[in-house]
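# An overview of the molecular structure
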Amino acid sequence: MRFRILRTNWPRPTVVLTDTPRPDCPDCQGVGGHNCDYGDYSTGEYAGTEWEPCRCWDETRRWVLLPLPHRRNRPGTSPDPWADAYSDEPPF
């Protein structure tokens, strides 16, 4: 398994440790999966694309390392420039 640190925003800001695809995988060449185009059965026209993950990678394998505090204001919207820099939400 190859791990990387990733920052997510949903459902709240969090730092997670996640699995990555094998870079030397002969099936996906390190991308992690394949795009599969499919067509409408009756007309044969293009209907969309689906993502099929490769078996060298489990995209659901992730662990939360650190929940991050929410920002109260967007940067630059407060008249006080230091109001956006600090939060009293745990972890301090």
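Residues numbered from 1 in each chain as written. Predicted model: local features only at pLDDT ≥ 70, side-chain atom pairs only at ≥ 80, totals over all residues. Heavy atoms only, no water.

### Here's the deal with a nonpolar patch on the surface
Taken together, the side chains of Ile5, Leu65 and Leu66 define a hydrophobic patch exposed on the protein surface, amounting to about 290 Å² of accessible area. Within the fold, isoleucine 5 resides in strand S1 (residues 2-8). Here isoleucine 5 falls in the exposed class, since its relative accessible area comes to 61%. (Patch = residues over 30% accessible without salt bridge, like charges linked within 9 Å, V, L, I, M, F, W, Y side chains within 5 Å. Areas by Shrake-Rupley, 256 points an atom, 1.4 Å probe, with all protein chains shown as cover. Salt bridge = Lys/Arg side-chain N within 4 Å of Asp/Glu carboxyl O. Helix = DSSP H or I, 4+ residues; strand = E, 2+ residues; numbered from the N terminus. Buried < 20%, exposed > 50% of the residue type's maximum accessible area, 1.4 Å probe, protein only.)

### Points about the sheet that holds strand S2 (residues 14-20)
The three strands lie next to each other as S1-S2-S5, forming an open sheet whose pairing is antiparallel. Lying at the two open borders of the sheet, with one neighbouring strand each, are S1 and strand S5 (62-67). If you compare each strand with its neighbour and ignore which way they point, the axes differ by 30° on average. Bridge count between S1 and S2: seven bridges; the pairing is antiparallel. Across the sheet, the residue bridging to arginine 4 is threonine 18, located in S2. (Pairing = 2+ DSSP bridges. Axes fitted to C-alpha atoms, helices over the stretch in contact; angles between N-to-C directions.)

### Some points on the state of the cysteines
According to the stated counting rule, one finds zero disulfides in the structure shown. Between cysteine 28, a free cysteine, and cysteine 25, which holds the nearest cysteine sulfur, the sulfur-to-sulfur gap is 3.8 Å. Overall, cysteine 28 belongs to the buried group, its relative accessible area being 3%. Distance from the sulfur of cysteine 54, which forms no disulfide, to the nearest cysteine sulfur (cysteine 25) is 3.6 Å. Here cysteine 54 falls in the buried class, since its relative accessible area comes to 7%. (Disulfide = S-S within 2.5 Å.)

On their own, these measurements won't tell you what the molecule is for.
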